Amino acid sequence: MTSDLFIWLAYLLSAVLFIVGLTRLSSPETARTGNAIAALGMLLAVVATLMDRAIIDFTWIVVGLLAGSATGLVMARTVKMTAMPQMVAVFNGFGGAASGLVAASEYLARGSSAAPLHMDLGISIMAGTLIGGVTFSGSLVAFGKLQGLVTERAATYPLQKTFNFLLAAAAIAASVYLILSPLDTRGYLALAVLALILGVLVVIPIGGADMPVVVALLNSYSGLAASAAGFVLSNNALIISGALVGASGLILTNIMCRAMNRSLANVLFGAFGGGTPAVAAGAAGGEKVANPIDAEDCAMILGYARSVVFVPGYGLAVAQAQHRLRELGDLLKARGVEVKYAIHPVAGRMPGHMNVLLAEANVPYTELYEIEDINPELPNTDVAVVVGANDVVNPAARDDPDSPIAGMPIVEVDRARHCVILKRSLSPGFAGIDNELFYLPNTRMFFGSAEKSLADLVHEVKTL
Amino acid sequence: MTGTLLVGIYVFVLAMFVGFEVITKVPPTLHTPLMSGANAISGISIVGALVVAGSGESQLLTVLGVIAVVMATINVVGGFLVTDRMLRMFRRDREGEEGS
């Protein structure tokens, strides 16, 4: 009894450490210790569990812990910062799968006793199985899409929504059946497979540009799966931790949706980026001329400006040009130019992704600004430089109520005195719509790959 | 509904509120580390996985348990380490050591 008491107190302390750790994420100054505190909480929970008398054989546990730790260590050390969304997706999936397996074990552990499950336990087990399964397969599809293994385009087919709805209804019906009947291993396997299929089908119709939302939502699911496992085991530490993660994922999902001015339902069922070429064709009808600029002239504008705001987009990360951008920013700062970076919430492939990429390139976080902070300053900014971004600076989102991205918050670079856009061509962005910004009188297009263009600019600014 | 379930629901709902309060204070610049860190916390199901893997009730359960332990451990260890790696890069100004 005393050891049980100790274990439960340890779990409580773990939950407290998680909350304290998350609280310290409120500032980059304290975030690192916060993460360490949360990790300590996890270590405590694991050590306490190992003292559980229900554990009689440690051989496989040690093997599992070592294998998992080694794999996790290597993945964490070697992953590129650009690939962070994929890795978080994989980790989400593993977390969800582990929770699902815990629920499954609890179901199968009853042996072939004829009695149906206790209602409470039954509901918890089925919820854990469903959420865990959906999280696992959904995360793997999200990983495939982000990694480029599965088509990034929104894969759609007729009656998709109806079919998914029927599948979800079938899963719930199967759950109810399993709760009310005695042990049915085959029936349970069928439910697990159903959950896995559902996860795939829910994520597959979502386009690449919407992945930040999906990854955030799956993050939330992995938390809810852990909570469900907590209900199965009547373990409050799991319930609390899972709820914290569930809340975190929901908040991030909501932030991402607002940043695109779309509802979650629209992201999940709207199949954005799949069928909009007609809009692009219509908008590109008129004769419009963009003004190109070369490296030398651009360096002149930048070098003699008082203030410059850089607007990086995912194209910058794809080109791995964030280090060059920082180099250019440093050169300009050395010349007395005020340099800021405007970060749109959906600039990267997951919430806050661009901030991490710039931090990696050694840009101090104090130079990064959110849209609501930078927009009021843009009319007094000499030059706004857009690198590898498109839709997030499209004035149509603000001015054209009929635009597919109408109402989406944008970085208002068109209000700066000059606007330079580093881009390969005039092609549209993810949303597949033309950008009138390219044709404004104070806009200059600097064509070329981001890496090469920035290198040229660095060179030219040095010779000023 | 039994008392245990009810208590569980109480705990869940209250923890959600704590989560909302705490997470809304996280600045956007830390959203990626928040996700990977929270992700690592969701690996708490390792606690359940360990008990299943070590209970020795049947071969099937041991196999399921060990798979769950491996996955949850990857989630936990990888999640916390990668979060630390990211947070190390965040600095206020460019003084101090270069690169990572």
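Residues numbered from 1 in each chain as written. Chains lettered and ligands numbered in written order. Predicted model: local features only at pLDDT ≥ 70, side-chain atom pairs only at ≥ 80, totals over all residues. Heavy atoms only, no water.

Quick notes on the environment of Leu264(A)
All names here are of chain A. Topologically, Leu264 is positioned in helix α10 (residues 264-269). A relative accessible area of 30% means that Leu264 is categorised as partly exposed. Expressed as a C-alpha distance, the spacing of Leu264 and Tyr341, which sit 77 residues apart in the sequence, is 28 Å. Those residues in contact with Leu264 that sit more than four places away from it in its chain are Val213, Leu217, Thr253 and Cys257. (Helix = DSSP H or I, 4+ residues; strand = E, 2+ residues; numbered from the N terminus. Buried < 20%, exposed > 50% of the residue type's maximum accessible area, 1.4 Å probe, protein only. Contact = heavy atoms within 4.5 Å.)

What to know about helix α8 (residues 211-233) of chain A
Residues and elements named next belong to chain A. Between its terminal C-alpha atoms α8 stretches 33 Å, which fits the 33 Å expected from 23 residues at 1.5 Å a residue. The buried fraction of α8 amounts to 20 of the 23 residues, a majority that puts the element mostly inside the structure. Immediately beyond the C-terminal end of α8, within one or two residues, lies Ser234, with a positive phi of roughly 50°. (Expected span 1.5 Å × (residues − 1).)

Considering the side chain of Asp414(A)
Residues and elements named next belong to chain A. Note that Asp414 resides in the loop between α17 (396-399) and β5 (418-423). For Asp414, a relative accessible area of 15% puts it in the buried group. Within polar-contact distance, the side chain of Asp414 engages the side chain of Arg398 at 2.6 Å. For Asp414, the residues in contact, after removing those within four places along its chain, are Pro395, Arg398, Leu437, Leu440 and Asn442. (Polar contact = N/O pair within 3.5 Å; in protein donor to acceptor, adjacent residues only side chain to side chain.)

A closer look at the pattern of salt bridges
Residues and elements named next belong to chain A. Summed over all chains, the structure comprises 18 salt bridges over all chains. Salt-bridge contacts for Arg306 lead to Asp382; the nearest nitrogen and oxygen are separated by 4.0 Å. Pair noted here: Arg306 is in the loop between α12 (295-303) and β1 (307-312) and Asp382 is in the loop between α16 (371-374) and β4 (383-387), with a separation of 76 residues, a long-range link. A residue is classified by how much of its surface remains accessible, and Asp382, at 12% relative accessible area, is buried. A salt bridge links Glu327 to Arg324; the nearest nitrogen and oxygen atoms lie 2.8 Å apart. With Glu327 and Arg324 both in helix α14 (residues 322-334), this residue pair falls three residues apart, about one helical turn. Residue class for Glu327 comes out partly exposed when judged on its relative accessible area of 27%. (Salt bridge = Lys/Arg side-chain N within 4 Å of Asp/Glu carboxyl O.)

So, the layout of surface pockets
All names here are of chain A. The space that makes up the second largest pocket amounts to roughly 650 Å³. Considering the residues around the second largest pocket, the lining is formed by 33 residues, among which Val134, Ala168, Leu198, Val202 and Tyr221 are closest to the centre. Mapped by element, the contributors of at least two residues to the lining of the second largest pocket are α5 (119-147), α6 (160-180), α7 (185-203), α8 and α10. Ranked by residue count, the leading element in the lining of the second largest pocket is α6, at ten residues. (1 Å grid on protein atoms, 1.4 Å probe; cavity = no way out; pocket = protein on both sides within 12 Å on 5 of 7 lines; lining within 4 Å. Points joined across faces, edges and corners; volume = space filled by probe spheres on them.)

What about the pairing of β1(A)?
Residues and elements named next belong to chain A. Where burial is concerned, most of β1 is hidden: six out of the six residues are buried. Relative to strand β2 (residues 338-343), β1 is paired through four bridges, and the arrangement is parallel. By the bridge assignment for β2, Val308 is matched with Val339. Pairing analysis gives five bridges linking β1 to β4, with the strands arranged parallel. For Val308, the partnering residue across the bridge sits in β4 and is Val383. (Pairing = 2+ DSSP bridges.)

Thoughts on a nonpolar patch on the surface
On the surface, a nonpolar cluster with roughly 530 Å² of combined accessible area is contributed by Leu5(A), Leu9(A), Leu12(A), Leu13(A), Val16(A) and Val20(A). Mapped onto the fold, Val20(A) is located in helix α1 (residues 2-23). (Patch = residues over 30% accessible without salt bridge, like charges linked within 9 Å, V, L, I, M, F, W, Y side chains within 5 Å. Areas by Shrake-Rupley, 256 points an atom, 1.4 Å probe, with all protein chains shown as cover.)

With respect to α6(A)
All names here are of chain A. The terminal C-alpha atoms of α6 lie 30 Å apart, and with 21 residues this matches the ideal 30 Å at 1.5 Å per residue to within 8%. Regarding α6, the residues found buried are Gln160, Asn164, Leu167, Ala171, Ser175, Leu178 and Ile179. For α6, the buried positions fall inside an angular range of 110° around the axis, keeping them on one side. Set apart from the buried face of α6 by more than 90 degrees, the exposed residues are Phe165, Leu166 and Leu180. (Arc of directions from axis to C-beta.)

Some words on the side chain of Lys145(A)
All names here are of chain A. Mapped onto the elements of the fold, Lys145 is located in helix α5. With relative accessibility at 1%, the residue Lys145 sits in the buried group. Within the local environment of Lys145, its side chain forms a polar contact with the backbone oxygen of Ile204, the two atoms lying 2.8 Å apart. Leave out the neighbours within four places in its chain, and Lys145 touches Val150, Thr151, Glu152, Arg153, Ala154, Val203, Ile204, Ile206 and Met211.

Observations concerning the interface of chain A and chain B
If you look at the interface, chain A gives 106 residues, while chain B gives 84 residues. Buried area between chain A and chain B, both sides added, is near 8000 Å², and the carbon and sulfur share of it is 75%. Taken as a group, Arg32(A), Met42(A) and Asn362(A) account for 8% of the area that chain A buries against chain B, more than any other trio of residues on that side. Connecting chain A to chain B are two salt bridges. Its salt-bridge partner being Arg92(B), residue Glu29(A) comes within 3.2 Å of it at the nearest N-O pair. Where chain A packs against chain B, one counts 19 residue pairs in polar contact (both at pLDDT 80 or more). Looking at which element gives the most residues to the side of chain A that touches chain B, the answer is helix α9 (residues 236-259) of chain A, with 16 residues. Class assignment of the residues belonging to the side of chain A that touches chain B gives a composition of 62 nonpolar, 32 polar and twelve charged. (Buried area = accessible area lost by both parts, 1.4 Å probe. Nonpolar A, V, L, I, M, F, W, Y, C, P; charged D, E, K, R; others polar.)

Examining the sheet that holds β1(A)
All names here are of chain A. Spatially, β3-β2-β1-β4-β5-β6 is the arrangement adopted by the six strands of the open sheet, whose pairing is parallel. Every other strand in the sheet has two partners, leaving β3 (368-370) and β6 (443-447) as the edge strands with one partner each. Averaged over all pairs of adjacent strands, the angle between strand axes in this sheet comes to 25°, irrespective of strand direction. Bridge count for β5 against β6 is five bridges, and the pairing is parallel. From the neighbouring strand, Leu422 faces β6, where its bridge partner is Phe446. Those strands touched by α12 are β1, β4, β5 and β6, and its axis lies near 130° from that of β4. (Axes fitted to C-alpha atoms, helices over the stretch in contact; angles between N-to-C directions.)

Topic: empty space enclosed by the protein
The final tally for this structure, using the stated rule, is one cavity of 30 Å³ or more. Taken as a whole, the largest cavity holds about 50 Å³ of empty space. Contributing to the lining of the largest cavity are Gly21(A), Leu22(A), Leu25(A), Gly34(A), Asn35(A), Ala38(A), Gly37(B), Ala38(B), Ile41(B) and Phe80(B). Of all the secondary-structure elements, those providing two or more residues to the lining of the largest cavity are α1 and α2 (28-50) of chain A together with α2 (31-42) of chain B. Of the residues in the lining of the largest cavity, the class split is six nonpolar, four polar and no charged.

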